[in-house]
Amino acid sequence: MTTRLTVAQALVRFLAAQYTERDGVRQRLISATWGIFGHGNVAGLGQALVEYGADMPFHQGRNEQSMVHAAVGYARQSNRLSTHAVTTSIGPGATNLVTGAALATINHLPVLLLPGDIFATRVADPVLQQLEVPYAGDISVNDSLRPVSKYFDRVTRPEALIPAALQAMRVLTDPVETGAVTLALPQDVQAEAYDWPDEFFTERTWTVRRPGADPTELAEAVGAIRQAQRPLVIAGGGVHHSRAEEALAEFAAATGIPVASTQAGKGSLRHDHPQDVGAVGHTGTATANELARQADLVIGVGTRYTDFTTASGTLFEQQGVRFLNLNIAPYDGHKLAGRPLVADARSGLTELTEALQLHTHRVSGTYIDEYGLDKERWEQRVDACFEADEPDIRPTQAQVLGALDALADESDVIVNAAGSLPGDLHKLWRARSRDQYHLEYGYSCMGYEIPAAIGVKMAAPERNVWALVGDGTYLMMPTEIVTAVQEGIAIKLLLIQNHGYASIGGLSETVGGERFGTAYRYQSDDGTYTGAPLPVDLAANAASLGMRVLRAKTVRDLRAALAEARAADTPTCVYVETETADTVSGPPPAQAWWDVPVAETATRPSAVKARELYERHVSTRRRHL
């Protein structure tokens with residue numbers, strides 16, 4: 001039996017019938033579609049979404065990149081088991097997807113991209129917004145999505161949709177390969193009819209695998225852990241993706257091995273778990289980084305060891321240090337010349353715990369006491385950063401975080417991605433639940449926070465979801481505030497005004513750049529931006545987009561505004577002005593290095609001094625072979 005439908009109609013019906021299942025839980029794979037319509041998709045997917053609106057919910061976006069961010073936020077909150085599709089027109093609508101696609105792929109988060117494309121029949125050539133490539137007739141701007149997609153196909157005939165759609169679902173549900181998946185859809189093909197086999201529209205359930213460890217690799221891993229005197233676990237985002245938090249807690253409690261976390265892995269253990277030693281790497285705690293420097297075995301769980309985690313190859317100092325990498329992706333399992341344990345994080349941790357319990361293995365009490373005391377000392381430093389002795393003065397950024405930290409409970413989710421906030425949060429935030437800390441730091445994309453918070457709130461409507469945004473990030477992409485208002489999505493926006501790029505300003509100073517071009521100030525006669533702060537009212541801007549705005553001038557105001565926003569059932573913004581971009585934000589400085597190359601030749605004293613310090617750091621870098 002067949003059913004005659006357009007390609008777009010068939011695709012929408014197909015997507016509505018796709019499900020995932022893991023651990024006996026079944027749910028829709030593509031639970032909604034975001035879209036902005038233009039001539040490249042309005043008559044195809046636009047019409048199909050109207051035709052089958054009861055089967056496929058639709059959300060209206062304002063920016064194509066931010067629609068991807070919203071879908072990614074939803075996918076992460078849904079443990080990668082459910083996501084959204086995003087449809088755009090051809091031309092700039094399609095190329096606006098590239099940044100969001102890169103973010104999704106780098107972070108291994110599934111999202112389905114459905115950009116319109118030029119005519120497959122070439123009857124209208126060139127069409128509006130078409131990029132003409134003289135040496136190749138089959139290239140369009142959508143090809144820019146190839147390097148940032150885990151799977152890409154251009155559906156140039158109706159029947160080609162069947163294998164393309166099935167491959168797309170395979171990649172979206174593969175825990176190793178998942179990321180952005182792109183099906184480019186020529187606008188004439190979208191509207192073309194075809195007799196589809198009814199089997200194409202039957203429900204399909206895609207099982208998300210939990211592979212266990214190879215017995216030989218498991219035995220070698222157990223042997224390595226038993227021989228180690230100062231082992232350290234580094235928990236990455238794979239712990240969350242696998243829902244392995246309880247397995248990690250059991251492993252840590254049974255063995256006494258301390259657990260540090262990357263940005264993506266923070267919250268793998270609650271902040272008050274005895275084995276949690278906080279953040280590791282350039283934005284890490286003194287406790288975790290000192291343990292990393294002295295570790296003889298580093299057990300990476302679901303981490304890909306970015307340069308922030310390894311302090312650009314300078315953090316793991318012990319001469320004989322070795323790496324054991326539990327990762328579902330073989331590519332990451334072999335990093336740092338490590339011993340791979342290729343398995344799902346939960347399965348692998350459970351198997352390790354069971355095997356080590358047979359030997360009643362546990363690290364020494366002296367080691368446990370040592371890192372326990374160090375953790376207490378760091379918590380005292382956090383308290384000092386959060387403390388505001390004078391509640392009627394303007395808060396520092398750390399005190400802003402302290403006010404929110406005092407208010408939050410397990411139901412709150414904080415979303416952030418870029419600026420000075422990720423470093424402060426990684427060091428200071430006390431994660432109270434497995435999914436409270438939502439930092440996108442694989443791509444660190446300015447503008448991610450507001451749309452991602454919308455996606456998180458859609459996936460968990462019962463949660464309090466906070467988008468933490470600086471002025472630089474806010475100015476990148478505030479447009480989805482309109483979407484939150486339109487759909488009544490009660491996100492909380494904490495908007496921090498410090499008049500510039502605080503993070504890059506600080507980095508610029510350390511590398512001899514003298515904070516050039518990083519402040520939001522009037523330009524001076526010498527071409528530098530050192531005049532008075534710009535009279536930009538971001539609170540008024542947020543209000544003009546329909547958001548309720550609470551202004552806080554002091555610590556006391558801030559505490560009251562945060563409490564009021566948290567109780568609100570409409571999109572609400574708390575606006576607070578903190579220290580300007582040319583002052584420090586309050587928390588302890590970086591506890592480990594990060595390699596940003598410094599000019600090898602310069603005449604300005606700041607750059608000369610920065611190069612001298614850079615060369616000293618570079619000399620400590622090592623390759624782990």
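Refer to the structure above for everything that follows.
Student: Any chance you could explain the overall build of the protein here in plain terms?
Tutor: Of the regular secondary structure elements, the protein holds 24 helices and 23 strands. Relative to the globule expectation of 25 Å for 625 residues, the C-alpha radius of gyration of the protein, 25 Å, shows essentially globular dimensions. Taken along its principal axes, the extent of the C-alpha atoms in the protein is 70 × 70 × 55 Å. Taken across its 625 residues, the protein has 58% of its residues classed as buried. When contacts within the protein are restricted to residue pairs at least 6 apart in sequence, those whose partners lie at least 24 apart make up 76%. Of the roughly 24,500 Å² of accessible surface on the protein, a fraction of 52% belongs to carbon and sulfur atoms.

Student: How should the sheet that holds strand β8 (residues 151–154) be read in this particular structure?
Tutor: In any sheet, the strands associate via hydrogen bonds between backbone groups, in a parallel or an antiparallel arrangement. The strand order across the open sheet built from six strands is β5-β4-β6-β7-β9-β8, with neighbouring strands paired in parallel fashion. A single partner strand is all that each edge strand has here, and the edge strands are β5 (58–60) and β8. Taking the axes of each pair of neighbouring strands and ignoring which way they run, one obtains an average angle of 20° across the sheet. Of the pairings in the sheet, the one linking strand β4 (residues 30–35) to β5 comprises three bridges and is parallel in character. When the bridges of β5 are listed, Thr-33 appears paired with Phe-58. Seen against the sheet, helix α3 (residues 64–77) touches β4, β6 (83–88) and β7 (111–117) and runs at an angle of roughly 170° to β6.

Student: Would you explain the sheet that holds strand β3 (residues 25–28) in this entry?
Tutor: Strand order in this open sheet of three strands is β3-β2-β11, and the pairing throughout is mixed. Across the chains shown, the open sheet's two edge strands, defined by having one partner strand only, are β3 and β11 (204–207). Averaged over neighbouring strand pairs, the angle between their axes works out to 30° when direction is ignored. Where strand β2 (residues 18–22) meets β3, four bridges bridge the pair, whose relative direction is antiparallel. Across the sheet, Glu-21 pairs through a bridge with Arg-26, a residue of β3.

Student: In this structure, what is going on with the side chain of Asn-325? I would like to understand it.
Tutor: Relative to the assigned elements, Asn-325 resides in strand β16 (residues 322–327). Within the structure, the side chain of Asn-325 is placed 3.1 Å from the backbone oxygen of Gly-333, a separation counted as a polar contact. A distance of 2.9 Å separates the side chain of Asn-325 from the backbone oxygen of Lys-335, its partner in a polar contact. Once residues lying within four places of it in the same chain are set aside, the contact partners of Asn-325 are Gly-300, Tyr-305, Asp-332, Gly-333, His-334, Lys-335, Gly-338, Arg-339, Pro-340 and Leu-341.

Student: Help me understand the pattern of salt bridges, please; the structure alone is not making it clear to me.
Tutor: Oppositely charged side chains can pair when the atoms bearing their charge come close. Following the criterion strictly, the structure yields 37 salt bridges and no others. When the shortest N-O distance is used, the salt bridge between Asp-435 and Arg-434 registers 3.5 Å. Across the salt bridge formed by Asp-537 and Arg-551, the nearest N and O atoms sit 2.9 Å from each other. With Asp-537 in the loop between α21 (502–510) and α22 (538–544) and Arg-551 in strand β22 (residues 548–552), this pair connects stretches of sequence that are 14 residues apart.

Student: What exactly am I supposed to notice about a nonpolar patch on the surface here?
Tutor: The grouping of Leu-475, Tyr-522, Leu-534 and Val-536 at the surface amounts to a nonpolar patch, some 340 Å² of accessible area in total. Among the structural elements, Leu-475 can be located in helix α19 (residues 471–476). By relative accessible area, which is 47% here, Leu-475 ends up partly exposed.

Student: Explain the state of the cysteines to me, please; I cannot follow it from the model alone.
Tutor: Simply put, disulfide is the name for a covalent bond between the sulfur atoms of two cysteines. By the definition in use, this model includes zero disulfides. Here Cys-573 stays unpaired: no disulfide links it, and the sulfur of Cys-445, its closest cysteine neighbor, is 20 Å away. Take Cys-573: its relative accessible area is 0%, and that puts it in the buried class.

Student: Help me out: how do you make sense of the nonpolar core in this one?
Tutor: Buried together is how nonpolar side chains tend to be arranged in soluble globular proteins. Counting residues in hydrophobic clusters, the biggest one holds 51 residues, and the most contacted among them are Ile-225, Phe-251 and Ile-299. Listed in part, the 46 residues of the second largest apolar core include Leu-103, Leu-493, Leu-538 and Ala-542.

Conventions adopted
- Residues numbered from 1 in each chain as written.
- Predicted model: local features only at pLDDT ≥ 70, side-chain atom pairs only at ≥ 80, totals over all residues.
- Heavy atoms only, no water.
- Helix = DSSP H or I, 4+ residues; strand = E, 2+ residues; numbered from the N terminus.
- Rg over C-alpha atoms; globule rule 2.2 N^0.38 Å.
- Buried < 20%, exposed > 50% of the residue type's maximum accessible area, 1.4 Å probe, protein only.
- Contact = heavy atoms within 4.5 Å.
- Areas by Shrake-Rupley, 256 points an atom, 1.4 Å probe, with all protein chains shown as cover.
- Pairing = 2+ DSSP bridges.
- Axes fitted to C-alpha atoms, helices over the stretch in contact; angles between N-to-C directions.
- Polar contact = N/O pair within 3.5 Å; in protein donor to acceptor, adjacent residues only side chain to side chain.
- Salt bridge = Lys/Arg side-chain N within 4 Å of Asp/Glu carboxyl O.
- Patch = residues over 30% accessible without salt bridge, like charges linked within 9 Å, V, L, I, M, F, W, Y side chains within 5 Å.
- Disulfide = S-S within 2.5 Å.
- Core = buried A, V, L, I, M, F, W, Y, C linked by side-chain atoms within 4.5 Å.

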